[in-house]
Amino acid sequence: MNTERDSETTFEEDSQPNDEVVPYSDDETEDDLEDQEPAVEPEQNRVNREAEENQEPFKKDCTWQVKANDRSFHEQPHFMNTKFFCIKESKYANNAIKTYKYNVFTFLPLNLFEQFKRAANLYFLILLILQTIPQISTLAWYTTLVPFLVVLGITAIKDLVDDVARHKMDKEINNRTCEVIKDGRFKVAKWKEIQVGDVIRLKKNDFVPADILLLSSSEPNSLCYVETAELDGETNLKFKMALESTHQYLQKENSLATFDGFIECEEPNNRLDKFTGTLFWRKTGFPLDADRILLRGCVIRNTDFCHGLVIFAGADTKIMKNSGKTRFKRTKIDYLMNYMVYTIFVVLILLSAGLAIGHAYWEAQVGNYSWYLYSGEDATPSYRGFLNFWGYIIVLNTLVPISLYVSVEVIRLGQSHFINWDLQMYYAEKDTPAKARTTTLNEQLGQIHYIFSDKTGTLTQNIMTFKKCCINGHIYGDHQDASQHNHSKAEQVDFSWNMYADGKLAFYDHYLIEQIRSGKEPGVRQFFFLLAVCHTVMVDRLDGQLNYQAASPDEGALVSAARNFGFAFLARTQNTITIIRTPEGNIRLYCKGADTVIYERLHRMNPTKQETQDALDIFASETLRTLCLCYKEIEEKEFQEWNKKFMAASIASTNRDEALDKVYEEIEKDLILLGATAIEDRLQDGVPETISKLSKADIKIWVLTGDKKETAENIGFACELLTEDTTICYGEDINALLHTRMENQRNRGGVYAKFVPPVHEPFFPTGGNRALIITGSWLNEILLEKKTKKSNILKLKFPRTEEERRMRTQSKRRLEAKKEQQQKNFVDLACECSAVICCRVTPKQKAMVVDLVKRYKKAITLAIGDGANDVNMIKTAHIGVGISGQEGMQAVMSSDYSFAQFRYLQRLLLVHGRWSYIRMCKFLRYFFYKNFAFTLVHFWYSFFNGYSAQTAYEDWFITLYNLLYSSLPVLLMGLLDQDVSDKLSLRFPGLYVVGQRDLLFNYRRFFVSLLHGVLTSMILFFIPLGAYLQTVGQDGEAPSDYQSFAVTIASALIITVNFQIGLDTSYWTFVNAFSIFGSIALYFGIMFDFHSAGIHVLFPSAFQFTGTASNALRQPYIWLTIILTVAVCLLPVIAIRFLSMTIWPSESDKIQKHRKRLKAEEQWKRRQSVFRRGMSTRRSAYAFSHQPGYADLISSGRSIRKKRSPLDGVIADGTAEYRRTVES
């Protein structure tokens, strides 16, 4: 049934929400869900509407024109668009695609332009320009240029590698070949040479090169089977069918070459499942829809060849229209890190301004009166201070770390590979590894507050098994023998008598087999006959064996069950329809659907109605998915009248879907109930354990499903999301609570409301375990998202005066404020519950719920699903996870992370997510610390050099500090560090809360790191300064010169920051140790080399510290000074860490302390599943998947098979095939 039609009655103001229906169709726009006001006066609105109703079909929307076999038609002037000034090009794209961004000439300028759009890169470019001004800079230009080039180069190489791969892919695709009619014959042509209007031939296993209209094929009635894996990830076959006229007349090459059809259709768009157009040929118009169109990216299967007319090419094809940019997701740490960089920049400005003022004062008091400082320029102190401001901006620029962003990307890339390489998240059964499809969100996996999960295929296996059925009020499927006696010992039915049985069905009721084989019960045979013919399953033969291609696992299970019970579906013929003429000459309608929909359409006199309802309750209590089957005898006259209406509706050029729905409604009534099926969809392995561990990590789990309330509730108990002591609240319960809360808030409002601080009042008393189960209808009722009939919109009155317009605006604002407050109250209420289950919700509602929690709770969200209906939710959440299951790959292709089983989610979050968060936090804290410790030495030195912007280090040391001397250890810590092992992370989920509460990286931690860096810089400067004030070397020399002083500070700094990261490291490996001591050794090696006489001879202006290192470091007291400086820097840190771990240990510290004992203990085991006794019976829904049927085929009287089927009792010419099944 059409759910949109039902929803209009559901959402009337005076009606109660219906738990059993999906509230509205997802094809509606957001505007359809809100009260709209016409933008014109009522009279004008009426005139416009009448004009629209009277205009010719497709004149409004169908402006894309295609002429077959006529390329010159599409080059006419009125099809040309101005691209640049007077340069024009056709609006019809050629078929060559271009996904690359650069070519040989544009790579360097475009890539640099993109990189300089980043604020940090632009900042360092400005610094580099300032360093070229000699009056400002006291620092060599290469100190900024070298690290800047390294950063730009790494990013450019990464972009180049990606773009080269895109170039290769584009070239491979554009040079594929197919046959195109040229000069009256089919000739081989490359894809990039195809144009709109060309007629092409495709063969079996060929990719479709463009969006084409199917004209004919080698199959009977020009059916064409396609695989759409590249479009939606689904591997099951779908079929397309040509128009009858093109099928009859366009089979041969010469007829295709002379084909001159003209098409008017919609403009290129990204809607894969929609197409509207008309083919004008032979003075007749033929309506076109998506069933006639083969989309680019599909693969021809089980069809020897087919012919098509190119409608959309290249960039205009639907798959290319869908390849737009995905919304870029950023982590919470990203935003925080940016704000902290801005803070550092402000600190840099303030320090530089303060030191510039100090220099101006010093110049006025000292510099102007010191003849030996005269520079030859008579500049004022204020001007010199101004120049020194920019000088200090350059000297202190390393406060803003140039390599920070590149280092973060390297760490994230490594963490993503660790997820991809994790064998414990590899699903061997389907050879599916975990996949990090993004590299920017890893640390956010350690901060999740809410998980929004689909049910079918995500919590369950989505592998359906036929378990039981009810036929004429009798339940089959228990352990019974042929005499209808129950047995405790299960003996599986032997289907060897059936040549078509696949041997995969495990069934234990021998009595049902006896009933089928004996033929004594016609209702049983009719039941399975209905299952065998009323579906959308495709069939093909592989090695002589039947192979079913089902649109959903539900359909596959039912058709396979009918096959095993002796009713094998062999091929699609005119007999495989749901309105058939029986051998006795009677016309019968077969129908199936959800019980709620079927029961509304049953005849009042149904003898087995109550028995079937009781059976449904029993099936639901066993968490089985149910479906009702029914039929109807139709009189010849009634059918003929209905068939005329059906034929008229099926060729309607406007509002075709609405017309067909109206016709279907006429015949879908007074049905006779035949029985019900029960299918089992088992939980995936490890779901209860995963949910339990995630709950202990203080992560709240919301289940969002389209299934019925009873089914969702039963699954909630099965996966232990709900337990025996859980108090369940339903939509009607919380509606009253929310109404009371709104009344209280309204009463507290008023003139002084803005001066009263908001008071947070809990909805429920503290204590107790509560869960919320709410349906989509109640969700719309509570969130004020009720649909308004379009007919009501036209009755709205228009404001005539300014006062009325003002009042209307105020009223609208009040309604918006009420809606926002109601939504916030709902989120507050739902978040007080330990679990929330939203059932009978649409994909749009799933995304809306996620967005509400993001908006009002400011919490990090994760959405996980496996089907196309979960894509919207996955894209809306901060992190989207796709399950590669039975419903195709659309969810995976839209996700940030993917794997095969729900149970891997606990490892993704509790292990990889937590580790990534801890590593990133440690990395950032240390990175800011080491840069402040390094840079602020210049600040202290300024007090002793007249604030002259002189550097405290050698220029080459400044250049290489972040590139070589301190980069590798911090990168390795960001990649490899772990506080506890993966097993202990899973065993103690409570460790996860540090990320949720932002305990390891926040503004307080940031300022502590900065303070640590400030204190370290003071120690690094003042201890060597004190040691150098009055010193004499062993040889009587006094190495208290500036260069020796710089070497001493630099050596102490390198040892300190590298040993500091050793203190921060929790997980020691050989690589970590080697990187720390290797960095120190590398520093001394490079320093001695740069201070050698040889390199000074080669580059005298660049290397001026000749002999400094060897002269200074041979003095024992210099080494004593370095050791003393390092000790004073590190010993307080060691003491504080020791006291912290002893007096205020964290959970991680406690586990680390007892990790040896914990390893020896037995691993955590799943608690016993809870069985809820005395619970009310619940009926589960049957989630049924549909696709368009064979109405056009059967109504035309054509046969798919070349040979007539043995069953000749099928309606002849002019009959309608009724392929539509009842939807829930």
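Residues numbered from 1 in each chain as written. Predicted model: local features only at pLDDT ≥ 70, side-chain atom pairs only at ≥ 80, totals over all residues. Heavy atoms only, no water.

Novice: What is the right way to look at the packing of helix H10 (residues 332–365) against helix H11 (residues 381–395) in this model?
Specialist: Geometrically, a packed helix pair is captured by the angle between its two axes and the distance between the axes. Taken N-terminus to C-terminus, the directions of H10 and H11 make an angle of 145°; their axes are 8 Å apart at the nearest point. Crossing hand, H10 versus H11: right-handed. Note on element contacts: H11 touches H10 through Pro-381, Ser-382, Arg-384, Gly-385, Asn-388, Phe-389, Tyr-392 and Ile-393, opposite Leu-348, Ile-349, Ser-352, Ala-353, Leu-355, Ala-356, His-359, Ala-360, Glu-363 and Ala-364. Its residues placed into classes, the contact of H10 with H11 shows 11 nonpolar, 5 polar and 2 charged. (Axes fitted to C-alpha atoms, helices over the stretch in contact; angles between N-to-C directions. Helix = DSSP H or I, 4+ residues; strand = E, 2+ residues; numbered from the N terminus. Left-handed = near helix turned anticlockwise from the far one by under 90°. Contact = heavy atoms within 4.5 Å. Nonpolar A, V, L, I, M, F, W, Y, C, P; charged D, E, K, R; others polar.)

Novice: Looking at this structure, how should I read the pairing of strand S23 (residues 587–593)?
Specialist: Looking along a regular strand, one sees the side chains alternate between the two faces of the sheet. Counting buried residues in S23 gives 7 out of 7 residues, a clear majority hidden from the surface. Side chains Ile-587, Leu-589, Cys-591 and Gly-593 of S23 all project onto a buried face; the interleaved residues Arg-588, Tyr-590 and Lys-592 project onto the opposite face, where all are buried too. Sheet topology places S23 next to strand S24 (residues 625–634); 7 bridges connect them, and they run antiparallel. Residue pairing in the sheet places Lys-592 in a bridge with Leu-629 of S24. (Buried < 20%, exposed > 50% of the residue type's maximum accessible area, 1.4 Å probe, protein only. Pairing = 2+ DSSP bridges.)

Novice: Can you walk me through the sheet that holds strand S12 (residues 284–288) in this structure?
Specialist: The strands that make up a sheet are held in pairs by hydrogen bonds between backbone atoms, and each pair lies either parallel or antiparallel. Within the open sheet, the 4 strands sit side by side as S1-S10-S11-S12. Their pairing is antiparallel. Two strands lie at the open edges of the sheet, namely strand S1 (64–67) and S12, each paired on one side alone. Between one strand axis and the next, the sheet turns through 20° on average, direction left out of account.

Novice: Would you mind showing me how to read the packing of aromatic side chains here?
Specialist: On inspection of all chains with the given rule, the structure shows 66 aromatic pairs. Judged by centre distance (5.3 Å) and plane angle (50°), the ring pair of Phe-923 and Phe-927 falls under tilted. Linking Phe-923 with Phe-927, this pair stays in helix H29 (residues 904–942), spanning 4 residues, or about one helical turn. Relative accessible area serves as the criterion here: at 0%, Phe-923 is assigned to the buried category. With relative accessibility at 2%, the residue Phe-927 sits in the buried group. Judged by centre distance (5.7 Å) and plane angle (75°), the rings of Phe-943 and Tyr-947 are edge-to-face. (Phe/Tyr/Trp six-rings, centres within 6.5 Å; stacked < 30°, edge-to-face > 60°.)

Novice: I'm lost on the side chain of Asp-828 in this one. Help?
Specialist: Following the sequence through the fold, Asp-828 ends up in helix H25 (residues 802–831). With a relative accessible area of 12%, Asp-828 lands in the buried category.

Novice: Is there a simple way to explain the environment of Pro-401 in this structure?
Specialist: Relative to the helices and strands, Pro-401 resides in the loop between H11 and helix H12 (404–421). Residues Pro-401 and Val-341, spaced 60 residues apart in sequence, show a C-alpha to C-alpha distance of 8.4 Å. Ignoring anything within four residues of it in the chain, the contact list for Pro-401 reads Phe-124, Phe-927, Phe-928 and Asn-931.

Novice: Just checking my understanding: could you explain the sheet that holds strand S26 (residues 700–704) for this structure?
Specialist: A sheet is described by the order of its strands in space; here 9 strands give the open sequence S16-S32-S31-S30-S17-S26-S29-S28-S27, paired in mixed fashion. Only two strands of the sheet have a single partner each, and these edge strands are strand S16 (435–436) and strand S27 (726–730). As defined by bridge partners, strand S17 (residues 450–453) adjoins S26 across 4 bridges and the pair is classed as parallel. Opposite Phe-452, over in S26, you have Trp-702 as the bridge partner. Lying on the sheet, helix H22 (residues 731–748) is in contact with S27 and strand S28 (769–775); it crosses S27 at an angle near 75°.

Novice: Help me understand the nonpolar core, please; the structure alone is not making it clear to me.
Specialist: Soluble, globular proteins show a tendency: their nonpolar side chains are buried together. Counting 102 residues, the largest nonpolar core has Leu-404, Phe-923, Leu-924, Phe-928, Tyr-953, Phe-957 and Leu-1053 as its most contacted members. Tallying contributions element by element places H29 first for this core, with 18 residues. Ignoring any residue separated from it by four or fewer positions in sequence, one finds Leu-924 in contact with Ile-333, Met-337, Leu-404, Val-408 and Phe-1001. Formed by 52 residues, the second largest nonpolar core is a distinct cluster that contains Ile-97, Ile-263, Phe-275 and Cys-298. (Core = buried A, V, L, I, M, F, W, Y, C linked by side-chain atoms within 4.5 Å.)

Novice: Quick question: what am I supposed to make of the environment of Thr-177 here?
Specialist: One can find Thr-177 in strand S4 (residues 177–182). Linking Thr-177 and Trp-191, residues 14 residues apart in sequence, is a C-alpha distance of 5.7 Å. If near-sequence neighbours (up to four positions away) are discounted, Thr-177 is found in contact with Val-188, Ala-189, Lys-190 and Trp-191.

Novice: Help me understand helix H36 (residues 1070–1090) in this model?
Specialist: Residues spaced three or four apart along an α-helix face the same direction, because each turn holds 3.6 residues. In a regular helix each residue adds 1.5 Å, so 21 residues correspond to 30 Å; H36 covers 29 Å between its end C-alpha atoms and thus fits that length. Within H36 the residues assigned to the buried category are Asn-1072, Ser-1075, Ile-1076, Ser-1079, Ile-1080, Tyr-1083, Phe-1084, Ile-1086, Met-1087 and Phe-1090. (Expected span 1.5 Å × (residues − 1).)

Without other data, these values stay purely geometric and don't point to any function.
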